[in-house]
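So you can see what is in the structure, the chains are spelled out below.
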Amino acid sequence: MRDLLEALARILVEHPDEVSVEQFEEDDGTVVLELAVADDDYGKIIGRGGRTANALRTVVKAAAVRERKRVVVDIVD
């Protein structure tokens, strides 16, 4: 899931070398993925009205269902 999110984000941004994804696991087993990109690229990751961000979350959550895990995608500054 981490690799999937990172690959998708690298395709969308202009500075793919500055994309980073941190992965944490909470006590209840939920996987938290924190996505960080270059300052110029936040608009591309979030998209108009948050549509791109929601699409990224949907794709990653669909991949998580296959592994029977719960995942949360956060876009951090």
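For the structure itself, consult the block above.
Reading guide: rules and limits
Residues numbered from 1 in each chain as written. Predicted model: local features only at pLDDT ≥ 70, side-chain atom pairs only at ≥ 80, totals over all residues. Heavy atoms only, no water. Helix = DSSP H or I, 4+ residues; strand = E, 2+ residues; numbered from the N terminus. Buried < 20%, exposed > 50% of the residue type's maximum accessible area, 1.4 Å probe, protein only. Contact = heavy atoms within 4.5 Å. Polar contact = N/O pair within 3.5 Å; in protein donor to acceptor, adjacent residues only side chain to side chain. Core = buried A, V, L, I, M, F, W, Y, C linked by side-chain atoms within 4.5 Å. Salt bridge = Lys/Arg side-chain N within 4 Å of Asp/Glu carboxyl O.

## Topic: the environment of Asp41
Here Asp41 lies in the loop between strand E2 (31–36) and helix H2 (42–46). The exposure class of Asp41 is buried, given its relative accessible area of 1%. With 26 residues separating them in the primary sequence, Asp41 and His15 have C-alpha atoms 7.4 Å apart. Setting aside its immediate chain neighbours within four residues, Asp41 contacts Val13, Glu14 and His15. At 3.3 Å, the side chain of Asp41 and the backbone nitrogen of Glu14 are in polar contact.

## Remarks on the nonpolar core
In this structure, Met1, Leu5, Leu33 and Leu35 are the most contacted members of the largest nonpolar core, which totals 19 residues. In this structure, Met1 is in contact with Val31, Leu33, Val60, Ala63, Ala64, Glu67, Lys69 and Val71, ignoring residues within four places of it in sequence.

## A word on the pattern of salt bridges
Inspection of every chain in the model, using the stated rule, returns 2 salt bridges. The partner of Arg10 in a salt bridge is Glu6, and the shortest N-O contact between them spans 2.7 Å. Pair noted here: Arg10 and Glu6 are both in helix H1 (residues 2–12), with a separation of 4 residues, about one helical turn. In this structure Arg10 comes out as partly exposed when scored by relative accessible area, which is 32%. Two residues, Glu14 and Lys44, come together in a salt bridge whose shortest N-O distance is 2.9 Å.

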